[in-house]
Amino acid sequence: MKELFILAIVTVFTLVTYYLVEPFAHSKMHKHVESEKFVYADLPALTKTGDAARGKDLVMGAGACTGCHSIKVASVPAPMDPVATAQTYGVDTPDLSNAGVIYDPKFLAALIKNPAHALMLEHKYNESTGKVHPMAQFYGAGGDIDQEVADMVAYLQSIAVKKEELTPKMAFETACGRCHAMKYEKWTQIGEKPKFKHKKDELAFDIQVLTYQDALTKYMGKLPPDLSMYIRSRGEHYLSTFVEDPQNLLEGTAMPRVGVTAEAAEKVIEHLADSGDTKRVERAEVGKNVMFFLIIFAIFAYLWKRSVWRDLH
Amino acid sequence: MAHFTKATSVHDWVNQRLGIDTVRRVMATEYWIPKNINFLWAMGMVLAITFALLLVSGIFLLMYYQPNIHTAFDSVNYTIMREVEFGWLWRHIHGVAASVVFLVIYIHMFTGIYYGSYKKGREMIWISGMLLFVTFSAEAFSGYMLPWGQMSYWAGMVITNIFSLGGLHANGLVEWIRGDYVPAQAFLDRFFMLHVLLLPLAIIGLIGLHFGTLRIPHVNNQDGEEIDFEAEAKKYKSGNKAGSKVIAFANDFMSKDMFVVSIFLIFFFYLVFYHYDFAMDPVNFDPADGLKTPTHIYPEWYFLWSYEILRPFSTNVGLMAFGFAQVIFFLLPFLDKSPNAVPANRRGLFAVWFWAMLIDMIVLTAMGKVPPIEPYGTVGFFAALTFIGLWIVLPIITKLEKKA
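A.B. asks: How would you sum up the overall build of chain A? Please name residues and give values.
C.D. replies: Each helix and strand counted, chain A has 14 helices and two strands in total. In terms of overall size, chain A is more extended than a compact globule, its C-alpha atoms giving a radius of gyration of 26 Å where 313 residues would be expected to give roughly 20 Å. In terms of principal-axis extent, the alpha carbons of chain A reach across some 100 × 55 × 40 Å. For chain A, with 313 residues in total, the buried portion stands at 46%. Partitioning the contacts of chain A with sequence separation of at least 6, the portion at a separation of at least 24 is 69%. Of the roughly 16800 Å² of accessible surface on chain A, a fraction of 61% belongs to carbon and sulfur atoms.

Structure below.
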């Protein structure tokens, strides 16, 4: 009994120390940001029901989206390769094939109408800085602009893969992959690094990546970090709230609000975990067996102790 | 040469040449341990097991780790964590054990202080234990450098800066230690050597010494009772095991040791599999960047108390306080003037001193981690003063202590 009392004291002091140096200290070191549940409350709700067929005409129309964006599923190629695009605009323009499932419809609508506002980059692109966001604002095609935007969103949704078919990798590559590399997944800003037979070809690819990164660095102010280990260095909660609204955690950052849906954000985080914490399933599996073994071991150790000490008391 | 006869068995053959029966008797079956000691005395065995876990997991990590500033981070986080089968397990065992070993060391130390196990003939046990603590600290610090993450780099920068010795501006010394103006390749190389060779070797030697120091004065016990080990051992050997105050190390105390170890292992592997992150600072999963200082730089939890003794003062005073904290525990057997080797609760004011010291060190630990903003700065300052003050009053209050 006395030993249990001593154990209780040791445990209490250990837990108090743990509480102070972990949860308590971390709450003082990092501002806590609550998730907004990806509702984008500051953006206006969609009031019109979109018509995908009309949206298609608008998206494909001369000088509209396809002037800069590729839509691979609709066989619309990119006007320029990623490196040239980055050298022109600062960053590659995204392919719109799956934009309709990855991005929130409200966000997409707001983005078409006023990119700097939807991306929360008005601190960077405004009249006083004289900078204009490289994505051109859509001023309407002559009719009701809200209806037109709703139609475009409906078209993007109609061509995208189904929610269930969206893989973590697709979500990451579309939402994050044009700015962030992930070397543990062999991902570069211009795509997956292939296996090369000749060193010469590999170097040519690396030069392309470096050229792209130079343009991106100029555009963003610094090269956005490699995200391979971010699941461990930042944790799920930080990443998810950061993706939701980067300004909340890093005021003035050049990173735009990404505008992903809650489901797409989960997929992005899953992809980050696939890179930085690849063995999580194996760990849980092995852990169960080891714990089971140790409990059996403890029972035998206790029985041995009892049998030895029977003569000693 | 000794006289050898034809061996009757393999055991006999080895025994004639190595005297294994004698070794077994001296080390195990007739190594006498007091009966009335609680599970806190099993911490030595817990530490030995944890050290073994560190050694074995370290050897596996060593096979794949690359001590190069360009590849170190990836060799740990990619090669070991992804490519090597069960590399993640070895790494988490190593990382968790590095942290848990200090928790157990602190429990072991405070047990020694509480029961007065450093007194009257047991000074060498205490001093060799403190040497082990210091060597373990150096081992932990050098190991923390190896993944070459942000905290490795910046903690390395901050800790080596201590060797500029404040007002003495011993700048050359810092560069000599680093082998460069900032932590770089030479720094990583030498800390790698220290971590995988010199310090583990020193630790193994010191563990031997620490065991050796127990031989003559014997292990202390829960009541501080003076035991006549020879008389009690005779009683035990005559068959009066229940009446004897001593028991054999093996299997008697060993069976209790192993039970405590088994409980410890449940706790340990729970951390390894389900809560490994408590021992690994997230900041260290960012690769080292000499151009980007982390928002807060702090050491691992087990160094926080002595870091906090340094921090609230001006540079020179802080360094003196820090130096004081590093050596003062060594002097405990000589600063405690009381003849009583009994538990603190039977020693009057010393009991107050003990709990005050324990709580003060926890406060220092907590304050060492939080950012240096108010009120934490002030709390840390007073906790540091309290720490120094407690050591100043120790000889006085123990001198006044009556014979228990």
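A.B. asks: Could you give an account of the interface of chain A and chain B, naming the residues involved and the relevant values?
C.D. replies: Taken together, the contact pairs 54 residues of chain A with 60 residues of chain B. The interface formed by chain A and chain B contains five salt bridges. Among the salt bridges present, the one from Arg234(A) reaches Asp286(B), with a minimum N-O distance of 2.8 Å. Linking chain A with chain B are 20 residue pairs in polar contact (both at pLDDT 80 or more). For the side of chain A that touches chain B, the secondary-structure elements that each account for two or more residues are helix 1 (2–29), helix 10 (230–233), helix 13 (262–276) and helix 14 (280–309) of chain A. For the side of chain A that touches chain B, the element with the most residues is helix 1 of chain A, which contributes 19 residues. Residue composition of the side of chain A that touches chain B, grouped by class: 29 nonpolar, eight polar and 17 charged.

A.B. asks: Mind laying out the packing of aromatic side chains, listing which residues take part and the relevant values?
C.D. replies: Residues and elements named next belong to chain B. What the rule picks out here adds up to 52 aromatic pairs over all chains. Ring geometry for Phe86 and Trp88: centres 6.0 Å apart, planes at 35°, overall tilted. Geometry around Tyr31 places Arg215 over its ring, the cationic atom sitting 4.1 Å from the centre.

A.B. asks: Lay out a nonpolar patch on the surface with the relevant residues and their values.
C.D. replies: Judged by side-chain polarity, Phe292(A), Ile295(A), Ile296(A), Ile299(A), Phe300(A), Tyr302(A) and Leu303(A) come together as a nonpolar surface patch covering roughly 700 Å² of accessible area. Relative to the elements of secondary structure, Leu303(A) occurs in helix 14.

A.B. asks: Which residues make up unusual backbone geometry, and what are the values?
C.D. replies: Geometrically, the link from Ala250(B) to Asn251(B) is a cis peptide bond, its omega value of -5° lying close to zero. Here Asn251(B) shows up in helix 11 (residues 249–274). Not every positive phi belongs to a glycine, and Lys186(A) is a case in point at roughly 60°.

A.B. asks: If you had to explain the environment of Ala279(B) to someone new, which residues and values would you point to?
C.D. replies: Here Ala279(B) lies in the loop between helix 11 and helix 12 (304–310). It is 26 Å that separates the C-alpha atoms of Ala279(B) and Trp355(B), two residues lying 76 residues apart in sequence.

A.B. asks: Residues and numbers for the nonpolar core, please.
C.D. replies: In terms of nonpolar packing, the biggest core is built from 142 residues, with Ile113(B), Phe268(B), Phe269(B), Phe329(B), Trp353(B), Phe387(B) and Trp391(B) touching the most fellow members. Apart from residues no more than four positions distant in its own chain, Phe329(B) is found in contact with Met109(B), Ile113(B), Trp126(B), Met130(B), Trp305(B), Met361(B), Phe387(B) and Trp391(B). Core analysis: the next-biggest nonpolar cluster, separate from the first, contains 68 residues, Leu43(A), Leu166(A), Cys176(A) and Ala265(A) among them.

A.B. asks: Provide a residue-level description of the side chain of Thr93(A), including the pertinent values.
C.D. replies: Residues and elements named next belong to chain A. Along the polypeptide, Thr93 turns up in the loop between helix 3 (82–89) and helix 4 (99–102). Residue classification places Thr93 among the buried residues on the basis of a relative accessible area of 16%. Here Thr93 is in contact with Cys68, His69, Thr85 and Arg178, once residues within four sequence places are set aside.

A.B. asks: Please set out the pattern of salt bridges residue by residue, giving values where relevant.
C.D. replies: As enumerated under the stated definition, the model contains 27 salt bridges over all chains in all. One salt bridge in this structure joins Asp51(A) and Arg54(A), with 3.6 Å as the shortest N-O distance. What makes Asp51(A) partly exposed here is its relative accessible area of 30%. Glu30(B) serves as the salt-bridge partner of Arg25(B), at 3.9 Å between the closest nitrogen and oxygen. For Arg25(B), a relative accessible area of 38% corresponds to the partly exposed category. According to the relative accessible area criterion, Glu30(B) is partly exposed, its value standing at 29%.

A.B. asks: Go over the state of the cysteines, please, and point to the residues and values.
C.D. replies: Residues and elements named next belong to chain A. Scanning all chains against the criterion turns up zero disulfides over all chains. Here Cys68 stays free of any disulfide, with the sulfur of Cys65 as its closest cysteine sulfur at 9.0 Å. Cys68 gets classed as partly exposed once you look at its relative accessible area, which sits at 29%. Not part of a disulfide, Cys179 finds its nearest cysteine sulfur in Cys176, a span of 9.1 Å. The class for Cys179 is buried, based on a relative accessible area of 17%.

A.B. asks: Lay out the confidence of the model for chain B in plain terms, naming residues and giving numbers.
C.D. replies: Looking at chain B, pLDDT values average 95 and 100% of them are 70 or higher. With a pTM of 0.94, the predicted complex shows an ipTM of 0.94.

About the cut-offs
Residues numbered from 1 in each chain as written. Chains lettered and ligands numbered in written order. Predicted model: local features only at pLDDT ≥ 70, side-chain atom pairs only at ≥ 80, totals over all residues. Heavy atoms only, no water. Helix = DSSP H or I, 4+ residues; strand = E, 2+ residues; numbered from the N terminus. Rg over C-alpha atoms; globule rule 2.2 N^0.38 Å. Buried < 20%, exposed > 50% of the residue type's maximum accessible area, 1.4 Å probe, protein only. Contact = heavy atoms within 4.5 Å. Areas by Shrake-Rupley, 256 points an atom, 1.4 Å probe, with all protein chains shown as cover. Salt bridge = Lys/Arg side-chain N within 4 Å of Asp/Glu carboxyl O. Polar contact = N/O pair within 3.5 Å; in protein donor to acceptor, adjacent residues only side chain to side chain. Nonpolar A, V, L, I, M, F, W, Y, C, P; charged D, E, K, R; others polar. Phe/Tyr/Trp six-rings, centres within 6.5 Å; stacked < 30°, edge-to-face > 60°. Lys NZ or Arg CZ within 6 Å of the ring centre and 35° of its normal. Patch = residues over 30% accessible without salt bridge, like charges linked within 9 Å, V, L, I, M, F, W, Y side chains within 5 Å. Core = buried A, V, L, I, M, F, W, Y, C linked by side-chain atoms within 4.5 Å. Disulfide = S-S within 2.5 Å. pLDDT = per-residue confidence, 0-100.

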